[in-house]
Each structure stands twice: as C-alpha cells, then as structure tokens.
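# Observations on the three-dimensional arrangement
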Amino acid sequence: MMAHNPDGDGKFHFAIDRGGTFTDVHATLPNGTELVSKLLSVDPANYDDAPTEGIRRVLDAHDPTGKKHPRKTPVDTSLIGSIRMGTTVATNALLEREGERMGLIITKGFRDLLQIGDQTRKNIFDLTCAAPEVLYEEVVEVEERVMLAEFFDEDKSQEEIASLEERKENDDVSKGGWPTAGVGKRVTGVTGEKVIPLQAPDVDAVRASLQKLADKGIQSVAIVFIHSYVFPEHEKIVAAVAKSMACFTEISMSHEVMAMVKMVPRGQTACAAAYLTPKITEYLAGFTRGFDEGLMTNVRLDFMKSDGGLTPVNDFGGHQAILSGPAGGVVGYAKTSYRPSPGNEGANPMPVIGFDMGGTSTDVSRYDGTLELVFETTTAGVSIQAPQLDIHTVAAGGGSRLFLQNGLFVVGPESAKAHPGPVCYRKNGYLAVTDANVVLGRVIPDYFPNIFGPNEDEPLDLEGARAAFRAIAGEEEATGRSIEELAWGFIQVANEAMCRPIRNLTQMRGFDITKHALACFGGAGPQHACAMARALGITKVYVHRYGGILSAYGLSMADAVAEEQEPAKEVYGVSKASGGFDEEQDLSAATREDRLEHLAEKARASLVKQGYPEDSIVIEKYLNMRYEGTDNAIMILECKDSDSPLSYARTFVDQYHREFGFELEGRDLLIDDFRVRAIVPGATPAPPPSVPSLGAPPAFGSCRAYFENGWETVSTYKFEDLKPGHEILGPAIIVQSISTIVLEIGCKAFVTTDGDLDITVQPKKHEDDVHMDTSNEDQKVEIKEDPVQLSIFAHRFMGIAEQMGRTLARTAISVNIKERLDFSCALFTNDGGLVANAPHIPVHLGAMQSAVRFQVEYWNREGREGINEGDVFVSNHPQLAGGSHLPDITVITPVFHEGKILFFVASRGHHSDIGGISPGSMPPHSTNLEEEGARIVAFKLVKNGKFQEEGITDILVNQEYGGTRNLKDNLSDLRAQVAANNSGIRLLHQLVEENGLDTVEAYMHFIQHNAEMAVRHMLKDFAAQHGTKTHAIDYMDDGTPIELTINIDPDSGSACFDFEGTGPQILGNLNAPPAVTYSAVIYSLRSLVGQDIPLNEGCLAPIEFKIPHYSILNPSDDAGVVGGNVLTSQRVVDVVLKAFKACAASQGCMNNLTFGDSKFGYYETIAGGAGAGPTWNGRSGVHTHCTNTRITDPEILERRYPVLLRQFGLRKGSGGDGKHKGGDGVIREIEPLRPLVMSILSERRCLQPYGLEGGEPAKTGRNLLIKKNGISLNIGAKRSGAINVGERIVIESPGGGGYGAK
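Note that this is a predicted model, so its numbers are computed, not measured.

### Observations concerning the overall build of the protein
Summing up its helical and strand segments, the protein has 29 helices and 56 strands in all. Here the C-alpha radius of gyration of the protein, 32 Å, is about what a compact globule of 1302 residues would show, namely 34 Å. Summarising its shape, the C-alpha atoms of the protein cover approximately 90 × 85 × 70 Å along the three principal directions. Counting every position in the protein, which comprises 1302 residues, the buried fraction comes to 63%. Intrachain contacts of the protein at a sequence separation of at least 6 include 71% that bridge at least 24 residues.

Below, the structure is given as structure tokens:
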C-alpha cells in the first residue's frame, strides 16, 4: 500500500514494529511517498532478522539510484535517514522466562522479599496458588542497612542524637547480629530526609559473594537495598565492586532504574532490567550486523519505550521495553483519531478509546489530548515501576479458544497462539474466534493470502473450521443450534469479554463511555468494532487506512523523549480548617523550582546530545502528589496558564475529585516525586478537510455473511478502490490486504480525505416504556434460558460487581480498604439472593446474602417503617444480622424503579477500628462481643436520601468498652461504600434499559441455576469416584474439634454438610457465626469445581447445613467472634478440602498482627505456606483460602510507622515433606522505634497443618518476643502487650502440608 507525501528529504525513513508473529514496516521514501508492508517475524529459511529484511526489501524495490540490495550482504545505509523500532523481544522474554541468567543482591533479611511480593495470589480459587517463576537464579544477602531518622529522633534532644552519632560500630554487628537502631551519623538523603546508615557493605565480603555468582556463569546482577531511593550510596559501593571485577556485563541498581519509594516494585523493576537488557543488547547486536558500519554513525536509530516516547538505542533498557510494541499503536491512534469528525470541524475532539485486537489478546487504552501514564504495573507476575502507557489487556483475541462448559459459551483465556493457531490455519490447531469469523463469512478466505498449512502456501480452511464446530454441536449447550448459530454465539460472548475492560477503563474513572469514539486497529479488531461500539453505546468508530500496521505508523510520528525524576518528601499545600489550602504557606517553593529546573536541564541536555536543536525541545514539569495519610499519588502536570502560587494543588484536587468522587479536607498535600519530561514533538497529521459525499462506490463482488438477523448477501469492497467521499451502508464487508472490516447493519462508513474510514454506528434501541414497565405482570412473556445470553449476562453481572469494588477502592480512605483491599461487593435479587460476588476476599463470599436477607426481613416486620426509596442500611452484627465479625461493616442499598424494589446491591469493608478493648478492634483475648467493638443490627445509614451522620456516630462512639478510635475514617469509608453501591445501581439501571427488566431478572435466576448445576455435577463426580459419604475432622489449637460428615445424593447431586461432633462455643473469640461457615463452604466448592463458574447463591443451593446450636460454628448472640472470621474460617476450609481429599492443609491462619499507640493504629495479616496437592507443590509465602489481602511494602511501612522491619523472608523447611512438598511459611521480624502496644491473634501454634495421602504435616507457627538482652520468649498464639524500644517481635507463620508419600 502506498500514499504520496510531497515532503520527502532525499532519505529513507523507517518505522518498524516487530511483533511476535508479524513485523510491520512503514517507510517514507526519498520523494516523500509512504508505503507499508508486513512480513513474518520469524522465517529462518529466508532471512535472519525481519526488520532488516523489511528495510532491505524497500531499498531493493525503491532505491532511486537503481542499486540492488541482495540478501546475505550488509545493508547499505547511505540513503537511510532514520530507523525507529518497537519490539516485543523484551515482553516475550519476560512471558516465556527466557531472559539472561541473573543474580539478586539484596539487603540482609530480605532474601525472599521479591518472591513473596505483596503476598496475594492472582486467582483466589486456584488451590495450586500458581505464580510465575522469579527472574533471578541466585541471591546474595549483603549486610548493610539504612534507616529513616524521623521516628527514632522525634523526641530526642540534640545531645542524645550527637551521642548516637559518635558511637562506633556496635557489638551486635561485630557478633553477626543486627545493627542497633539509631546508631550512626545522620545524613541528608536525596529527598531531604535525614537517614542513618547503620551498616555499610563490607567490600571484601561483597567481592567474595560476587565471585561465587561469576563462578556459576552469572553475568547480570540487580542490586536492591532498602531505602536506596533516598540513600543510594550503598548500592553504588556494591556496583563499583561488581564493575571492578570485569565479569558482569549488566549491573542494574534499583535507585538508578527507578528512584521511587516501594522496595518490592522497584526491586522487581531492577531485576527486569538485569534480566531483559542483555536480551535487548543481544538482539541489537544481531540487528546491527545486518548493516554496514554507517548504521551507528550516520543513521538515527531510536526505540520506542513503554511510555510512548523514543529513546536512542544506547539508552534502551529492558524494563522500558515491556510495552514497546503496543505503545506505537497508542501514539498512532492518538495522533490520527483525536480530531473533530468531518463536517464538524469547529467542535472539540471526542476522547478516543483505542481498541487493538491481536491474535492472543486485546489491548484497550484511552486518549483525551495527553498520553495517560501509570507508574506501576504488573506483567507476567513482575511489578514494573516505570512510566508506562495505561494499557489494559484482556485475554481475548482472534486466537482465543472456544469452549462449551457448564452451560456457558466460554471464550479464552487459553489461546491457540500463532502456532498451531486456529483450526483454519491448517496446522491441527484449536477452535478459536478466527474460526467463528471464517464460518460466518466475516473473514473471506479468497481475499486472504495463501500463507497457511505446513508449507505456508494454502488458504484459510473454511471446511476445517466448520467441521470443528460440527464436532461440538452435539454438546448440551449447543442443542438446537446450527453451526452458524454456534459461531455467532461465540462472537457475541467474545465481544462482551472485550467490552468489559473498556467499561472499566471509562466508567470506573467517572467518564461517560458514550461520549467517546472507538479507534480500531490490529488485524482482528475491524471484524468486531462496530458490534462492540453498539453494545457500548458508542456512535463513532475510526478505522485508519494503516489500521493493520498502526503501531508502525505511530512510531513514525512518535515524540523523542528524555525523562528525569527524583524522589521527594515535601509539603506542597497546608490544609485550612475551612477547606482548601493556605496560599500563604507554599512550603516547597524554596526548593521546588530549583529541583525541577535542575531536572529539566539534565533532560534537555540529553536530547541536545542526541542531535536535536535546543529550540525544538518542550519541557513538561510534574509533581507526584498525594494527600497526607493516603497512598494514591497522582502525577500532576504543571498548569502554565495559572498565576496561582499553588496551581498544582488546583489541578490535583480537580483530578482527585473526578477520579475518586470527593476531596479530603483537613489533610496536607505532599510531594513524593519531582519529574521532568523533555520532548521533541513528532509529526501530527493535520485534520483532513471536509470532502463532499460521492455516494456508494461500486462493489467488486458480494458474499454471504452472518449478522444479527442471520445470513445476508452483502456487497464487498476493496479498501484500495475507495475514494474520499465514498459512503457505504452496512451490512457490508470491506477487504484490506491485511484485515477485514465488517460493517454491521445500520452502520455507515464515510471515506475521509486521507482515505480513513469514519463509521457512524446506529445506537442500540431502548424502548424504556416496555423495558422498565413492571406493572403488567399478567402479560409477561416466558423467557427461556439461552447459553449465549447466559454467558453475556455472566460477564455483565460480574463486571458490575467488579466496578463497585473499584469505586470502593478509589473512594475509601482507610489503608485496610484502599490499599489492603479488604472488602467485597455484590449484587442480589429482590429477595436477597446472591447473583454476583466479585472475588475480592473469600471469607466474604456468600456471607453478605445472609446480611441482605436479614435487613429485608427486619425492616418489613409489622410495626417497622419498611424499605423506602432513598434508604441505605448498615449492619455488622455477626450472629443476628448475617455479619462475619464486627470490623466488617456491610452497607446495603435497595434498587428501586417506580416504587418497586428490583434488586439489592451491597458492599462489605473491614474498618480499621470500631472500638472495643484493643486498638484495631481485633483483640486477642476478648470473651464476648461487646469487647470487640460497636454492634449494629439494623440502622438506616441513609434515610430519605440523607446521610445519618449523627445517628451512626452515636452508635460507633458510645460503646461500653470504648468507641471507635478513628471516627473520621469510619465515616469516610461508609460514604465510600454508599458511593460504591450507587455505582452498582447506575449500572444495573443501564443493564435493564438495554435488555428489559424481565430479561435481567430471568437471567439473574438462570445464572444462579447455572452455578447450582456446576456444583451438583462436581458432587456427583466425587460420589462416583469416592462414594456417597465422606468425613473429616481437624482441631483448633485449644483442642476444639471441627467435624464434618458429608452425605451426597448421587442422583440429584445434593449434599448434607453435617457438622455434628464440632466442639462447643468457647470462652474466647474463635467462635464463628454461620455466615462464616457458609462463606468457607462456598469458597471450597467453587475451588473444587475447578472451572470459571458464576459465584452466587446457586453454589449453596444443593447444600443442606446442619450446624449444632451453641457450637463454635453457631454461637450465642453475645459470643466473641473476632477470631472466628480470620482463624476458624481457615480451619473450616481445611476440613472441607480434607473431606474431599483435595489437598493438604495450608497454614490455616491469617496471623493477625496489630500495633499502635495513642497516635496511630496499624493492622496486617501475614502469609504462610500453601498445602500441596496431587500434582503440585505448595506455594511458599502466600495468603491462602479465606484471605487475600496485600501486605505493606517495607519502605512504606518504615516511612509511615515507627518501626524497623528487620526481616521478611521464607521460613525454610517449614512446609511438610512428601511426594509434593508443602509451601514454606514466612518469618517477619519487627522492632519498634518507640514504645508500642502489639497484639497477635493466630492459630496453628500447637497442632500442625495436616499432610494428605502419606504426606508429612507442616511445622506449626511460632510467635516470639526478643528481649533487649537477647532472650527469646514464646508469647503463644494470642497475646497483647507493650513492646519497648530495643525489643523485637518475630512471627513465624506455619507451612503447608505435604501430599503423597515420598
């Protein structure tokens, strides 16, 4: 494909995107003509390197001198002006774990920190707790330590500090122990904070350790020391030693890779750099060998970084290359689609959603005038802390495999990949989305190149694809469907799977999705874009003429970028009591501009050094800002149009309000980082002028294709035959050389002056008077269950619950909800039956159903005021109101229409404190419910639309054992829960408007029935293999048994879970209300099903529960229960899984640690070992079963709280032995920097987690207090008390049991 541009400069300019399957080339010829081409990325029979071959082909065909450029000879670069490349080399190496062998050098005590990460597991229902392998092969712990001085020095006199600074190396270090806190010189770090280097690295010891790495053949290392973002000297010392040894080719220092707080993501980023950069270097060496010596001296060679900017080849690091390929596509659509529509040139451009559908996945992003960046993402299990475009990926693409499972049409996440590919590729592949498009005539084999089959010389195989659909036509879910109807069903489900991340990208951030355009690119995207746009309410779709190679085209227009960043700890704005910030107190003014200008000079100098004119450079200045006491920092661009001394604050508050829905009054505004981005802007095409309509072009043929009304005979058009002004009405198919565009019924495509397609999508019709009418009960039409619609509604229901959760995480204040993510959100039918519970915290699963039904029953009792529009209910009572434990507060909102309750939505969050005898409301020794905090049976938190602050404050504050210690956060989090519910209500109303109330209600019940049948099938299968009766028993540490007998009806798949034999209610807090047992069972059943099924009331429909009254699992109304939710729940799961012979016991504990004083409180749960199973070893250092909360990063912990984290690593050998070994627990050692009260609430300190099928049990946990004199005291499983400076608490969590005899 060629296009003429008169601005040639006599040189060839190449922009190349090297993907996993294809390499795309955009070339500008010496005369200004543009051309695009595509070739296989790997074709060893014909060439060694695809980008080199793509350049050679262009030169060979278009060299103005007529010179030939044969293969196997270095490419002549004399006529090449520039080469820009994006590559997936780093991404593929990361995904496939094929990077450089590397070693990790880390602070002593943190050997396993990067393996543990934030201690969560990706899929809460995966009993294997699968996780990608770590990048490093060996670990060296270096005896070095730096601490922040703030908390230690806060109450000390200058004389006391001087004395500590004068002390020599302490005895503890000389004896091989930990360096004493506070001893050493105070030095000023990069951020201006005072730091204390407690212990510098021993150079000789470091050299010896590095030599051992070198002796093993390791040539790449990452250096990660705690607090190196503020004090990098220790990392520099070790790097200098490594460099002097001349045996390491890649030395990655974490502070240099990304100088930001958070040791885990910064460390993983440093590892990614050490792991991937040698692969980039290796690839570049191979690339340069294909050219003559002029490539590195006369040609500008740039690579695309993940942030959408170009960088010289010598500055291109592996950690910057993760999104190198997709970034070009984002730049491409941003520069070509963000413009007014033809004929509407005076209007503001519409924000654009980028939709890049490839073979294995789909990327979605958003552009509204600036590239949206994020600074921490996770790819292939590795947290990358670096500027990256905000691209969301979903595992649905042309190669996504198709399944019929459990009554549902399932698309992905498994992929057929490029090899063997879909069935139609003729390589014995798998049934995939592309096969569905081929069968439906939406991809026409006659217009595709013959590049398929073993010899890559055959067309797409239509008959093979039809045969593959025919093979599954006999399955139950396919009953009554033709082959085409099967394929059409899968296309609908695939479209909904790809719509879901687009909804999340817009709606969850407060953007109206209907006010966006959809820019479609990638080979498979144009086949789905119009249908998806209609489903989303989007009326405008753009398909660029180079849509199939838009990443390469975007590279040709990308900006050259140099960035500089430094960490900070400064107050930007001082809050005023009346709200806002005091403009008279600009505390950072003295240093802010100096630091920003210093960074600007460095960035500017970098671009000048690359040869760019200084006057072409644009400087952007940023502050990374957050409210005091929160973790949600936002990168704020300088507002150059404002004269206000606090202009950044205004921008921050506006953006925070849009993102989170509120402002935080009374909190100072802090600066975490200074950042400068120097830019040499790339070319941006001018908006094309309007062109008059030419009407419809002549079709070059016709074909039969399947649309929403069935088969249609439609016109087909060749893209290259279209002229500006042509209009095409759908249904129609437009064929490009590299893609197929499907124009749905009611859509109209207009060809712009540039030759792009501007498609208008007819909105989906909403007949509100029919859809929302609830009065005509007698005239309702019976709605029959359809597996395709069931699959779509499963996505929609779960998507709503997930968006509620994101709203809650965004709008909450407390660390527990906002950062540890200790919450859950769900949808319910109008009788309180659970429809969809987003998989947040397992112990909440199913439990909220009891809470909702209680409120429905309570408020509808005779004499009560009933449930009215504008009401929101709140409760937390475990025994009376369906709660779990008192800190978990549930907020419930009815969904009304025309005076009738349609549904309920609810959110449950763990509040940091609600009163009681202990800070954090998690007392280890409570014996009754009153001691654990405020109890709420039923209260209208919102009444007639008004938040009842006075009433809820009275409940939370006026308690017998003391009210909440953090009322402000309680109220803020309750408001956040109301906001989360409101987002669910809005989305449910939207769903009803789209589909009709009767349909939505019907599919709520169908989805419950689907889950029920999946569980029944699982129970039947178990009974057939193991018999109809199974039994298990396990014990709490005090000897209380939890006993379960399961009797299964093999015909119906129903079962009785009989807990007869379970021990009596105890005088303590390990009692668990029935709702906790229900949650533990629903979690276990969902995990045992082993497939992705809807999580709702149906999972428990086959189950009859028998729980003895006044037992530990069904206690009296006033019994203490705070430990039941976090400890007994884990034991119930262990018993259920033991009965089903599924796997060995996991740690069986959450290791609840709280500490604080009159100024603050902190709560965390600590990971342990996972149990092994029939085919897997248990994972080490991970949260299991009923919890999945994050743990605070070590640097954040020490920056926010007066403690030192001495060690956090795996407890080697604590997992049970066996054919498959159990996972190891962890060791977490904390030292206070001022007197604190610490409490531990734990289990499995006496009785070991069981092994199974001959596997050995795991080691029990242990809690130690290390006194100042070095004596270790075992403080037992449950203890609360004072801990003084110089003492340490050590939590050794249990391991997981082994499986199978060795």
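### Quick word on the side chain of Arg604
Within the fold, Arg604 resides in helix 18 (residues 589-609). Owing to a relative accessible area of 15%, Arg604 belongs among the buried residues under this scheme. For Arg604, the side chain forms a polar contact with the side chain of Glu601, separated by 2.5 Å.

### Section: helix 7 (residues 203-215)
Since the α-helix packs 3.6 residues into each turn, any two residues three or four apart lie on the same face. Helix length check: helix 7, at 13 residues, gives a terminal C-alpha distance of 18 Å against a target of 18 Å (1.5 Å per residue), a fit within 8%. If you check which residues of helix 7 are buried, you get Val206, Leu210, Leu213 and Ala214. All buried residues of helix 7 fall inside an arc of 95° around its axis, so they share one side. Of the exposed residues in helix 7, those oriented more than 90 degrees away from the buried face are Asp204, Lys212 and Asp215. For helix 7, the secondary structure elements touched by its buried residues are strand 6 (102-107), strand 7 (138-142), strand 11 (220-224) and helix 8 (233-245). Between a side-chain oxygen at the N-terminus of helix 7 and the backbone nitrogen of Asp204 the separation is 3.0 Å; the capping residue is Asp202. Remark: Gly217 follows helix 7 within two positions and exhibits a positive phi of approximately 90°.

### Here's the deal with empty space enclosed by the protein
Inspection of every chain in the model, using the stated rule, returns eight cavities of 30 Å³ or more. Estimates place the volume of the largest cavity at around 140 Å³. Counting only elements with at least two residues in the lining of the largest cavity, the list comes to helix 12 (324-337), strand 25 (540-543) and strand 36 (757-760). Here the lining of the largest cavity is composed, by residue class, of six nonpolar, four polar and three charged.

### So, the pattern of salt bridges
Opposite charge on two side chains allows them to pair when their charged atoms are near. This model, assessed by the stated rule, comprises 71 salt bridges. Ionic pairing is found between Lys621 and Glu593, a salt bridge with its closest N-O pair at 3.7 Å. Linking Lys621 in strand 27 (residues 618-627) with Glu593 in helix 18, this pair joins segments that are 28 residues apart in sequence. For Lys621, a relative accessible area of 11% puts it in the buried group. Of the charged contacts in the structure, one is a salt bridge between Glu1012 and Arg1016, with a shortest N-O distance of 2.9 Å. Linking Glu1012 with Arg1016, this pair stays in helix 26 (residues 997-1026), spanning four residues, or about one helical turn. For Glu1012, a relative accessible area of 17% gives the class buried. Looking at Arg1016, the relative accessible area reads 14%, which means it is buried. It is possible to trace a salt-bridge network through shared partners that takes in Lys305, Asp307, Glu563, Arg675 and Arg677.

### Things to note about the sheet that holds strand 53 (residues 1262-1266)
Ordered by their spatial adjacency, five strands build an open sheet running 50-51-56-53-54, and the pairing between neighbours is antiparallel. Of all strands in the sheet, those bounded by a partner on one side alone are strand 50 (1203-1211) and strand 54 (1272-1274). Neighbour-to-neighbour, the strand axes of the sheet open up by a mean angle of 20°, direction not taken into account. Of the strand pairs in this sheet, strand 51 (residues 1225-1232) and strand 56 (residues 1288-1292) are connected by four bridges, and their pairing is antiparallel. Each residue of the ladder has a partner; that of Ile1230, found in strand 56, is Ile1289.

Definitions and limits used
Residues numbered from 1 in each chain as written. Predicted model: local features only at pLDDT ≥ 70, side-chain atom pairs only at ≥ 80, totals over all residues. Heavy atoms only, no water. Helix = DSSP H or I, 4+ residues; strand = E, 2+ residues; numbered from the N terminus. Rg over C-alpha atoms; globule rule 2.2 N^0.38 Å. Buried < 20%, exposed > 50% of the residue type's maximum accessible area, 1.4 Å probe, protein only. Contact = heavy atoms within 4.5 Å. Polar contact = N/O pair within 3.5 Å; in protein donor to acceptor, adjacent residues only side chain to side chain. Expected span 1.5 Å × (residues − 1). Arc of directions from axis to C-beta. 1 Å grid on protein atoms, 1.4 Å probe; cavity = no way out; pocket = protein on both sides within 12 Å on 5 of 7 lines; lining within 4 Å. Points joined across faces, edges and corners; volume = space filled by probe spheres on them. Nonpolar A, V, L, I, M, F, W, Y, C, P; charged D, E, K, R; others polar. Salt bridge = Lys/Arg side-chain N within 4 Å of Asp/Glu carboxyl O. Pairing = 2+ DSSP bridges. Axes fitted to C-alpha atoms, helices over the stretch in contact; angles between N-to-C directions.

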